[in-house]
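An overview of the molecular structure
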Amino acid sequence: PDKTEQEMPMSQQITLQARSALISGFYQVQQAAYEAGAFSCSISGAGPSLVAMTKNHSLGGQIADAMQSAFVQAGLKSSRYITRISDRGCECMNV
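If you're wondering where the values come from, they're calculated on a predicted model, not measured in any experiment.

**Quick notes on the layout of surface pockets**
Of the pockets and cavities examined, the largest pocket occupies roughly 810 Å³. Lining the largest pocket are 29 residues, with Leu-50, Val-51, Ala-52, Met-67 and Tyr-81 sitting closest to its centre. Of all the secondary structure elements, the ones that give two or more residues to the lining of the largest pocket are β2 (50-53) and α4 (60-73). The leading source of residues in the lining of the largest pocket is α4, at six residues. The class makeup of the residues in the lining of the largest pocket is 16 nonpolar, nine polar and four charged.

As structure tokens, this is what we get:
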């Protein structure tokens, strides 16, 4: 596990272990994200989506490519979405 996972509360570590078992290739995808430049990669919400973060937005495509390749090796199709984290905080939006 990366430093972020080691610093997680035990309840989150247990939840991650349980949910990651339901996502084929989770640890391979996570490792691919780290090797491509992500500083964090984990399950988004309850899953099955994964989210990776980097401090360098220009690495987003490279990280997404690496993750998608790892999913292909696990026999799964995937979609990707590259965005920036908002610096405005939470907002109420009418949709």
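The discussion continues.
**Points about the nonpolar core**
It is characteristic of soluble globular proteins that their nonpolar side chains tend to be buried jointly. By size, the foremost hydrophobic cluster in this structure holds 16 residues, and its most contacted members are Leu-50 and Met-67. Secondary-structure elements contributing two or more residues to this core are α3 (26-36), β1 (40-43) and α4. By residue number, the principal contributor to this core is α3, which donates six residues. Not counting residues up to four positions away in its chain, the partners in contact with Leu-50 are Ile-23, Phe-26, Val-29, Ser-42, Ile-43, Ser-44, Met-67 and Phe-71.

**Regarding a nonpolar patch on the surface**
A cluster of nonpolar side chains, contributed by Phe-39, Val-51, Met-53 and Ile-85, occupies part of the molecular surface with about 370 Å² of accessible area. Relative to the helices and strands, Met-53 resides in strand β2. On the basis of relative accessibility, which here comes to 32%, the residue Met-53 falls in the partly exposed class.

**Things to note about the pattern of salt bridges**
All chains considered together, the criterion is met by two salt bridges. Between Arg-80 and Asp-65 there is a salt bridge whose closest N-O contact spans 2.4 Å. In this pair, Arg-80 is assigned in the segment after α4 and Asp-65 in helix α4, connecting sequence segments 15 residues apart. A relative accessible area of 43% means that Asp-65 is categorised as partly exposed. Measuring nitrogen to oxygen at the nearest pair gives 2.8 Å for the salt bridge that ties Arg-88 to Glu-91. The exposure class of Glu-91 is partly exposed, given its relative accessible area of 45%.

How each quantity is defined
- Residues numbered from 1 in each chain as written.
- Predicted model: local features only at pLDDT ≥ 70, side-chain atom pairs only at ≥ 80, totals over all residues.
- Heavy atoms only, no water.
- 1 Å grid on protein atoms, 1.4 Å probe; cavity = no way out; pocket = protein on both sides within 12 Å on 5 of 7 lines; lining within 4 Å.
- Points joined across faces, edges and corners; volume = space filled by probe spheres on them.
- Helix = DSSP H or I, 4+ residues; strand = E, 2+ residues; numbered from the N terminus.
- Nonpolar A, V, L, I, M, F, W, Y, C, P; charged D, E, K, R; others polar.
- Core = buried A, V, L, I, M, F, W, Y, C linked by side-chain atoms within 4.5 Å.
- Buried < 20%, exposed > 50% of the residue type's maximum accessible area, 1.4 Å probe, protein only.
- Contact = heavy atoms within 4.5 Å.
- Patch = residues over 30% accessible without salt bridge, like charges linked within 9 Å, V, L, I, M, F, W, Y side chains within 5 Å.
- Areas by Shrake-Rupley, 256 points an atom, 1.4 Å probe, with all protein chains shown as cover.
- Salt bridge = Lys/Arg side-chain N within 4 Å of Asp/Glu carboxyl O.

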